[in-house]
Amino acid sequence: MTLNRTTLFLGSLSVACLAVLGAYASGAGTAPAAQTAAQAEMTPLQPIIDAAEENAIIELAPGVYQGPIVIEKPLTLDGGGKAIIDGGGKGTVVSLFTNGATVKSLVIQNSGDLHNDLDAGVHIEGDFNVVKDNVVRECLFGVDIQQADNNVVRRNKISSKADSGLGVKGDAIRLWYSKNNKVEDNDIFDSRDAVVWYSSDNTIARNKIRNGRYGLHFMYSKYNLVEENEIRQNSVGIFLMYSDDVVVRGNRVFQALGPTGIGVGLKETSNVEITDNDILYNATGIYLDLSPFQPETTNRIYRNKIAYNATGALFLSDWTNNIFKDNVFWNNIRQVGVGSFASAARNVWQGNYWDDYEGFDLDHNGTGDRPYAPKVYSDRLWMDVPPAGFFKGTPLLTALDFLERLAPFSDPLIMLEDQEPRISTHFDPATNAADNADAGSASGRIDPFGLHSN
């Protein structure tokens, strides 16, 4: 009788060897041309996969198995948390060229180190595959998804080559022309970036990403959801480039330090929702470069805590159509700045809390009796003359600022004007989820060329 679902349990090395011999006798596998001494001690895994039926469940006993392997049919490969697949330092360790396969509870290690070949722990070119509960280590790239849709990458622990510098490590997660994938609950560290390129309608949620270059880097990728991630101690937290209609909500982004440190950055990006995030301890909290870029669009920045940054929100230039509502700006050295001698007053500022607000609430309605309208004095010297940034926040620049306030020799700029500044950090927001408009939804998508119309 032939079963559609077969369980292969490799209880001992002798059983595994019998399976290998059987596979070779049937022509299902081909022996490697050359093996290292370490590889010779491993159990070959490819013949077992080749001999398995479609939809089989292959349960591996504890041990080290020889990679790389290629899976070209739907099946489940289960390592039980104690099986290791070792790529021997060549190529990609596990390649999925199928739909509906599951790779779980394995240690996947020792890929090649060729960037041109995208040597990875797991490579996916297929739909509806699941990669979960694995440890991917000493692999140049972690999980590489290319032109593949509806896959799930969940609860994996992923790191790159330990002996490589940050700039030459590979990306922990890489999505390329891929849609409707879920990347959730992964622990990512000591890799270069997690990148989403030319990919739409993906969910990146509840991941921990640390000690990399870009925590999340989007390029030409619309309609994605970035939710409840913890992104810390990277050079840049989340950066959206030419990626409209993205929702960034409920994330914790902190300690993006160094001269280019940015918590959340936007470049020529429109119709974005940035809500309910903690953006803390960064060189720049939120960075906006010609965003929003599409005409007649806005970026909504609501209910975020932007605190302990060198600059809370930094604009490259005098730009417009960003809406800041119900945010808490707390203990930033500078709340808002512009890279040129200009203001940010052409954006909407409404109902935010500013810890340097100098006013009262005599009518006890929770907002200040006069607008928050900070002026730009000589303490912006560190922005006009970059080497002066060394003295940012020091008594020297504070003294210069005081002297110019006392006797200004030129008219200062009004950086912004918030007509309803909050008096306390605890307030009922005027905005809610329904006010976040339509970022990422079908009704609100930017579609200037009618590519998504019926």
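So, here is what we can say about the structure in this document. (Residues numbered from 1 in each chain as written. Predicted model: local features only at pLDDT ≥ 70, side-chain atom pairs only at ≥ 80, totals over all residues. Heavy atoms only, no water.)

1. Remarks on the pairing of strand 30 (residues 284-289)
Burial of strand 30 is extensive: six of the six residues sit out of reach of the surface. Of the strand pairs in this sheet, strand 27 (residues 262-267) and strand 30 are connected by five bridges, and their pairing is parallel. Looking across to strand 30, one finds that Val264 is bridged to Ile286. The pairing of strand 30 with strand 33 (residues 311-315) spans four bridges and is classified as parallel. In the strand pairing of strand 33, Leu288 is matched with Phe315. (Buried < 20%, exposed > 50% of the residue type's maximum accessible area, 1.4 Å probe, protein only. Helix = DSSP H or I, 4+ residues; strand = E, 2+ residues; numbered from the N terminus. Pairing = 2+ DSSP bridges.)

2. Observations concerning the environment of Asn331
Structurally, Asn331 is set in the loop between strand 35 (328-330) and strand 36 (334-338). On a C-alpha basis, the gap between Asn331 and Tyr281 in space is 9.8 Å, while along the polypeptide they are 50 residues apart. With sequence-adjacent residues up to four places away left out, Asn331 is seen in contact with Tyr308, Asn309 and Asp355. (Contact = heavy atoms within 4.5 Å.)

3. Section: the pattern of salt bridges
Within this structure, the stated rule accounts for 17 salt bridges. For Lys222, the salt bridge is made with Asp244, and the minimal N-O distance between the two is 3.9 Å. Pair noted here: Lys222 is in the loop between strand 21 (214-219) and strand 22 (225-227) and Asp244 is in the loop between strand 24 (236-241) and strand 25 (247-249), with a separation of 22 residues, a long-range link. Owing to a relative accessible area of 4%, Asp244 belongs among the buried residues under this scheme. The network of salt bridges with common partners includes Arg154, Glu184, Asp185 and Arg206. (Salt bridge = Lys/Arg side-chain N within 4 Å of Asp/Glu carboxyl O.)

4. Quick notes on the side chain of Lys73
Residue position: Lys73 is located in the loop between strand 5 (69-71) and strand 6 (76-86). Buried and unpaired, Lys73 has no salt bridge, with Asp50 as the nearest side chain of opposite charge at 5.6 Å. In this view, Lys73 contacts Ile49, Asp50, Ala51, Ala52, Glu54, Thr98 and Ala101; residues no more than four positions away in its chain are not counted. (Lys, Arg positive; Asp, Glu negative; His and termini not counted.)

5. Brief notes about the pairing of strand 18 (residues 193-197)
Where burial is concerned, most of strand 18 is hidden: four out of the five residues are buried. When strand 15 (residues 173-176) meets strand 18, the two strands line up parallel, connected through four bridges. Across the sheet, residue Ile173 finds its bridge partner in strand 18, namely Ala194. One ladder, built from four bridges, connects strand 18 with strand 21; its direction is parallel. By the bridge assignment, Asp193 is partnered in strand 21 with Tyr214.

6. Here's the deal with the environment of Val248
With respect to the helices, strands and loops of the structure, Val248 is situated in strand 25. With 24 residues separating them along the chain, Val248 and Asn224 place their C-alpha atoms 8.6 Å apart.

7. Here's the deal with a nonpolar patch on the surface
Nonpolar side chains collect at one region of the surface, where Tyr177, Tyr198 and Tyr220 lie side by side and expose about 310 Å² of accessible area between them. One can find Tyr177 in the loop between strand 15 and strand 16 (182-184). Assessed through its relative accessible area of 44%, Tyr177 is described here as partly exposed. (Patch = residues over 30% accessible without salt bridge, like charges linked within 9 Å, V, L, I, M, F, W, Y side chains within 5 Å. Areas by Shrake-Rupley, 256 points an atom, 1.4 Å probe, with all protein chains shown as cover.)

8. A word on the sheet that holds strand 15
Spatially, the 12 strands line up as an open sheet ordered 5-7-9-12-15-18-21-24-27-30-33-36, and their pairing is parallel. Lying at the two open borders of the sheet, with one neighbouring strand each, are strand 5 and strand 36. For this sheet, the mean angle separating the axes of adjacent strands, direction not counted, is 10 degrees. Sheet topology note: the strand 33/strand 36 ladder contains four bridges and is parallel. Looking at strand 36, one finds that Phe315 is bridged to Val338. (Axes fitted to C-alpha atoms, helices over the stretch in contact; angles between N-to-C directions.)

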